[in-house]
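Chain by chain, the residues run as shown.
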Amino acid sequence: MDETATVSTEKQEDNRDGDATTVRSNSLFPLLAQTSSSSHQSSNRGGDTQWLTNRSFNADLSAIDATVSSSYHQTNELEQESESNEEEDELVEKSAQQRPQPELHRLVESSSASSGEDREADKKRRREKKRKTKRTKISSEQHYGVASRKSNVSSWAAPDAKATATKDYYFDSRGDRDNLAFGSLYRMDVARFKPYISTHMMYPGQGTLYQWNRRGFVSVDDNDIDALDTKLKAGGRYWSPKYTVLERHKNLKRYRAIAPRNTGGHIPDDFIPLTNNQVTAADELSPAETSVVEESWEDELLRKTKEFNRSTRECPYDGKLWLEFAKFQDKVASMQPQKGARLQTLEKKISILEKAIELNPEDEELLLHLLNAYQSRDNTDILISRWEKILMQHSGSLKLWKDFLLFCQGEFSRFKISEMRKIYSNAIRALSASRSKLYRQAHQVVIAPSVDTDTIKLELGLVDIYLSLCQFEWQAGHKELATALFQAQMEYSLFSPTLLLSEQSKHRLFEHFWNSDGARIGEQGALGWSTWLGKEEEQRIEAISEDPSDGNTEGGWTGWSVPLSNSKENSENPTKLSDVDVDMEDSDIESESRAPDPEEDTEALLKMLGIDAGPGNEIKDSAIWTRWSQEELFRDCRQWRPVRAKNDDAGGSDAEGADKLLREILFEDVSEYLFSILSKEARLSLVFRFIDFFGGKMLPRTCTNSSSWAEKLASMEAPPDIMLDNLRRMHNNISDTVRKSGNFSFESLFPSSSEEQCMRRDMLKFLRNATLLCLTVFPNNHNLEESALVAEELSNTYMNSDSFSVTPCRALARTLLKSNRQDVLLCGVYAKREAAFGNIEHARKVFDMALASVEALPLDLRLNSSLLYFWYAEMEIGYVSGTSPDSFSRAVHILCCFGSGEIYSPFRCQPSNLLQLRARQGFKEQLKILQPTLARGVVDDRATALICSSALFEELVFGYAAGIEVLTRTFSMVLPERRSQSYELEILFDYYIRMLRRHIGEIKLSEVWDSVLHGLQLYPSSPELYGALIDIGHFHTTSNKLRGIFDNFCKKKPSVITWLFALAFEISRDGSHHRIHGLFERALANEKLRSSVILWRFYMSYLINIACDLSAARRVFFRAIHACPWSKKLWLDGFQNLQNVLTGKELSDLQEVMQEKELNLRTDIYEILLQDET
């Protein structure tokens, strides 16, 4: 039952003739069956307190005897009043029966005698039915009791009043058995309850409400079983629409439980009571101090408004309090059916937020809520003007700029690529100026080489905005510009010359480099801006020394002089150059005088080829538009690198001059977005994001709770390789155990063409060159070294993985090791690649060589040995376990050398017990030294490797429980708030989950399950944890439990990762189409996820490939391009997959809209028509 009030079962017996009296039981625990009315009338005050003799009450309750007696008399008065009302109703009914009834007009019968006989027969049948019903009722009461339960269900109490009760109370353990799937309640099996509120528990005014409730909701005939069907049909039970509407009425008073103001001091602080029903004597006398309050919606509205007004007057600078006051207005608006009233509430909310911002002008949350409120009222133009006004006042707010960019990007009516570029330029310049101001303020007080924390955060935000700009240009089809933006910013920030130059002078010097023939980062032979400038200076000095006359005239070198190659050409033939200029001017004048209109020229040319390109002749063939989209995708994959003016082969196979001019990126195209980066953290972030952007396989170096991770997920068009591997593994595990109605692969939802694979291979080569150049700025960085080796390996094996007998990255690794033989981490990275390729023995030799040479290294490099030891042991357990019999002993030997501190020696035999004990003690001492840094939440890669090595050693030698204890002890040292923001601690938690899963057969399932759920509370956007949740839950729990967990996380902490895994789980199980459709709609109803391209593409792919509902896919397609107008791939998905439901006219209109939005279209439709003609 859903009632939660204090209730008592009312079992009444009602005779139709009115002779029997109604018996009411006020007992908490019914001991005996109902007796006759005479026995109740003979009982006096002693009988009133008979219910207190129950054994459950062992306290002395004589003190409240008077209270019970008074409550009994008041209850009797209420019952007598209700009985008198019932008698009046019976008299009214009898008088109505005695009145002459109006004559009914019936069909004409054959005779009046037959009609009289029919009336007599009807009366006789009614009398027989009444007697039969009475006999059935009496027999059922005698056999089953008044409640009339089924024969195989035990009754509430003994039917015979004189029978000896075997128990003091009974449990109804078999009721409501006909309630199928919680559809409805069965009237004959469920005890019917009413609130039992004694008079002494009522407050002034409550008794009237209770009487009204009793009269309005429960009538006298409700206990009559024969009349119950009629009553249910007429009035219904509490779940009927009639009472549902009444419950929602704003004037209905409800009981609200509140905590008492005066609580006992003996209660400890960590005690959380389940109920709060402690009422003191003072509380009974004063309703204001009680724990139960009678309140309607209007009363609650007035009370909360007064509380908020008082609180905001007392604490006017509390932004959270103002936000709660504003959010309460949303609740008020939801209770108002009239549109005008809702608008008035919205105006009140806006006035509250405006007042809050006057008092708290720097609160970003208040500003964002105010702008969202304006969005509900104002049109787009007014809203953008308000945004611009606020951004003028808060130009250094990173959060405001990000939200403004997302807002402008999603406005379909105003969206244009050129307008978005202006907004990005304004944002970067404003934030860059704010960063410079912060840096100057920090260094005016203390002169230090390091950068302060606020400047680092702002620079990291600048990098995020710059990456979103590159992602935006790439998805809009301007891939050459996106690549050039990356090249320009990395050259400008990482390879800047060490000269004290102003920002303007630095721009002019970089323009000289950009317009030269020098190779840029990622291109073959790139040196970096600073190195190229040094070589250019050397060449200039050599030229001056060879020709001193030129040196006298030219003077010294300046960074803004004409390049040497151009000056030589101009100086050799000055007269010839002037003649050519004159001839060119004359030819230009002549060509301008006789140049025809380009549109007329194009139309004339097409008419000569037999193609009518008039305004009324549109291409209405859908097949032609499908071919156009395929050619557009092909060129998109081929043309992603900017064309250099003097390198014809840099852009691929396309050799047309006009296209090359369009694909050439000038300095003016990138100069507005350049900014200097001062902190090492921001520069490393730029490099890592660059590697991730171009498809490098590299673990994310940011926590999944960070804003950059959320922005990356929201801007994805397809899942990255790491996430796709998790989804594919989950799909395969579920598909192996679940019978499915159809056969499909997970790759069909995110297909990739052969042209995209070729582009991926070229991008990996580009990435390999860029990463090797970045190693000159960040030497001995094992993350960059691993990225370079992986890019080298994948670029060679992407299309033909079986043609290599040795590891493809071996030559590159040896070259890097020759240049820096002290880089032991490079040895470890190289050994891991050898092991991944299957060369275990070669990997062991590399690890042994690196660990043997650690002692000869300097102290700062010697500290990196923890990573080597852990990688080596992980290789033995991960890659070799099961294939080599001594892999376990080798791993223990490696960890014993690490823990004991002995000089490493290659494995020969099983380590002794004494060495194992020394290693265990050594690990404990090292972890004790690490405790102060762990308490502050400061953990690096070395500390993570040490903790994982200690846990792995305990797991291998002393059992899994000891290893898990090491990790749990480490987690207990760090506060949850710091754990949720640390990337290293998240990696450590993932390792903890993997250890639990390795021993899932030995550990209680509840322990593993609770650990995964606890991890998701800390890291709700972790793909590793969601993969573990589905793998464990699919085999050990029900699917409904998993669905409930996903629904909970999708509601409380929604993210793209959560929805992707929830949808993939349902699709892999071949779940209900209605649930999958509902999941998609709920995900895209979220304001932050509505602009997620990957969710829209996933939705369309599901409808086309699995649900096979093209009409629904067509509707989703139009919604998708309206929400994400910048995604060219999303537009082309409609051209390629919906050609059967989109007409040629619609496809032609879509292509025109793409041109209006300034998406980069590389193919003209007439090129496809010319292919048909030829």
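Residues numbered from 1 in each chain as written. Predicted model: local features only at pLDDT ≥ 70, side-chain atom pairs only at ≥ 80, totals over all residues. Heavy atoms only, no water.

Asks: Which parts of the structure should I look at to understand the overall build of the chain?
Replies: Within the chain, the regular secondary structure consists of 52 helices and four strands. Carbon and sulfur atoms make up 52% of the accessible area of the chain, which totals about 64,400 Å². (Helix = DSSP H or I, 4+ residues; strand = E, 2+ residues; numbered from the N terminus. Areas by Shrake-Rupley, 256 points an atom, 1.4 Å probe, with all protein chains shown as cover.)

Asks: It is not clear to me how helix α17 (residues 479–494) should be interpreted in this structure. Could you clarify?
Replies: Along an α-helix, residues three or four positions apart point the same way, because every turn accommodates 3.6 residues. Between the first and last C-alpha of α17 there are 22 Å, a value that for 16 residues agrees with the 22 Å anticipated at 1.5 Å per step. Judged by how many residues are buried, α17 sits mostly within the fold: 16 of 16 residues are covered. (Expected span 1.5 Å × (residues − 1). Buried < 20%, exposed > 50% of the residue type's maximum accessible area, 1.4 Å probe, protein only.)

Asks: In this structure, what is going on with unusual backbone geometry? I would like to understand it.
Replies: Note: most residues except glycine have negative phi, and most peptide bonds are trans. If you check the backbone angles, D1070 has positive phi at about 55° while not being a glycine. Tracing the backbone through its elements, the reader meets D1070 in the loop between α46 (1056–1068) and α47 (1073–1085). Within the chain, C1108 stands out as a residue other than glycine whose phi angle is a positive 55°. Following the sequence through the fold, C1108 ends up in the loop between α48 (1093–1105) and α49 (1110–1123).

Asks: Looking at this structure, I do not really get the pattern of salt bridges. What am I missing?
Replies: Pairing between side chains becomes possible if they bear opposite charge and their charged atoms approach one another. A complete count under the given rule lists 46 salt bridges for this structure. Close ionic contact of D378 with R386 constitutes a salt bridge, the shortest N to O distance being 2.8 Å. Across the salt bridge formed by D636 and K1128, the nearest N and O atoms sit 3.0 Å from each other. Here the residue D636 occupies a position in helix α24 (residues 622–638), and K1128 occupies one in helix α50 (residues 1128–1137), the gap between them amounting to 492 residues. With respect to class, D636 is no different from K1128; both count as buried. What emerges from the salt-bridge pattern is a single network uniting E480, E632, D636, R663, K1128 and R1162. (Salt bridge = Lys/Arg side-chain N within 4 Å of Asp/Glu carboxyl O.)

Asks: For this particular structure, what's the right way to read the packing of aromatic side chains?
Replies: Aromatic rings in a pair are described by how distant their centres are and how their planes are angled relative to each other. Evaluated as defined, the whole model comprises 50 aromatic pairs. These aromatic residues form a ring-pair network of at least three members: W474, F486, W640, F690, F693, F694 and F766. Of note, R520 hangs over the ring of W514, and the distance from its end group to the ring centre comes to 3.5 Å. For the cation-ring pair, K832 lies above W871, with the distance from its terminal atom to the ring centre recorded as 4.3 Å. (Phe/Tyr/Trp six-rings, centres within 6.5 Å; stacked < 30°, edge-to-face > 60°. Lys NZ or Arg CZ within 6 Å of the ring centre and 35° of its normal.)

Asks: Help me out: how do you make sense of the nonpolar core in this one?
Replies: Within soluble globular proteins, side chains that are nonpolar tend to cluster in buried spots. Of all hydrophobic cores here, the largest spans 259 residues; its most connected members are W387, F510, V670, F690, F694, L967 and L1029. Leaving out residues up to four positions away in the same chain, L1029 has contacts with W1009, V1012, L1013, L1016, L1042, I1045 and F1046. (Core = buried A, V, L, I, M, F, W, Y, C linked by side-chain atoms within 4.5 Å. Contact = heavy atoms within 4.5 Å.)

Asks: What's the story with the confidence of the model for the chain in this structure? I'm lost.
Replies: Detail in the predicted coordinates should be disregarded across regions flagged by low pLDDT. Confidence along the chain averages 76 in pLDDT terms, with 66% of residues attaining 70 or more. Throughout residues 88–114 the model reports pLDDT below 50, and contacts reaching past four residues in sequence, or to other chains, amount to two contacts. (pLDDT = per-residue confidence, 0-100.)

Asks: Any chance you could explain helix α18 (residues 503–514) here in plain terms?
Replies: Taking 1.5 Å as the rise per residue, α18 with 12 residues should run 16 Å; its terminal C-alpha atoms sit 16 Å apart, in good agreement. Here α18 has its buried residues at K506, H507, L509, F510, H512, F513 and W514. Elements that come into contact with the buried residues of α18 comprise α17, α19 (529–546) and α26 (667–670).

Asks: What exactly am I supposed to notice about the environment of T944 here?
Replies: Position of T944 relative to the elements: it lies in helix α39 (residues 941–958). You can call T944 buried: its relative accessible area is 9%. When the C-alpha positions of T944 and L985 are compared, they lie 7.7 Å apart, and in sequence the two are 41 residues distant. With sequence-adjacent residues up to four places away left out, T944 is seen in contact with V939, E984 and L988.

Asks: Is there a simple way to explain a positive patch on the surface in this structure?
Replies: Together, K123, K124, R126, R127 and K130 make up a positively charged patch on the protein surface. Inspection of the secondary structure puts R126 in helix α4 (residues 112–144). (Patch = residues over 30% accessible without salt bridge, like charges linked within 9 Å, V, L, I, M, F, W, Y side chains within 5 Å. Lys, Arg positive; Asp, Glu negative; His and termini not counted. Charge placed at Lys NZ, Arg CZ, Asp CG, Glu CD.)

Asks: Explanation requested: the packing of α48 against α49 in the structure shown.
Replies: Angle between the axes and distance between the axes: these two values describe a pair of packed helices. Direction vectors running N to C along α48 and α49 enclose 170°, while the axes themselves pass 9 Å from each other. Taken together, the axes of α48 and α49 lie roughly antiparallel to each other. Contact residues: α48 offers W1096, Y1099, M1100, L1103 and I1104, while α49 offers L1110, A1112, A1113, V1116, F1117, R1119, A1120 and A1123. (Axes fitted to C-alpha atoms, helices over the stretch in contact; angles between N-to-C directions. Parallel < 35°, antiparallel > 145°, perpendicular 65-115°, else oblique.)

Asks: I would appreciate a short explanation of the side chain of T807 in the present structure.
Replies: When you line up the elements, T807 lands in the loop between α31 (782–797) and α32 (810–819). Separated by 3.2 Å, the side chains of T807 and N839 make a polar contact. Not counting residues within four places of it along the chain, the set of residues in contact with T807 comprises E793, R833, E834, F837 and N839. (Polar contact = N/O pair within 3.5 Å; in protein donor to acceptor, adjacent residues only side chain to side chain.)

Asks: Looking at this structure, I do not really get the environment of L775. What am I missing?
Replies: By the element assignment, L775 lies in the loop between α30 (754–774) and α31. Residue classification places L775 among the buried residues on the basis of a relative accessible area of 12%. Between the C-alpha atom of L775 and that of E785, which follows or precedes it by 10 residues, the distance is 7.5 Å. For L775, the residues in contact, after removing those within four places along its chain, are N781, L784 and E785.

Asks: What exactly am I supposed to notice about the state of the cysteines here?
Replies: Formally, a disulfide is one covalent bond, and it connects the sulfur atom of one cysteine to the sulfur atom of another. Throughout the structure, instances matching the rule amount to zero disulfides. C896 provides the cysteine sulfur closest to C897, a residue in no disulfide bond, and the two sulfurs are 7.0 Å apart. Judged by its relative accessible area of 4%, C897 falls in the buried class. (Disulfide = S-S within 2.5 Å.)

Asks: When you look at the packing of α46 against α48 in this model, what are you seeing that I'm missing?
Replies: The geometry of α46 relative to α48 is characterised by a closest axis approach of 11 Å and an angle of 15° between their N-to-C directions. By the angle between their directions, the pair α46 and α48 is classed as roughly parallel. Considering only the axes of α46 and α48, their crossing is left-handed. Between α46 and α48, the contacting residues are V1056, W1059, L1060, L1063 and I1067 on the first element and I1094, L1095, F1098 and Y1102 on the second. Of the residues assigned to the contact of α46 with α48, the class counts are nine nonpolar, no polar and no charged. (Left-handed = near helix turned anticlockwise from the far one by under 90°. Nonpolar A, V, L, I, M, F, W, Y, C, P; charged D, E, K, R; others polar.)

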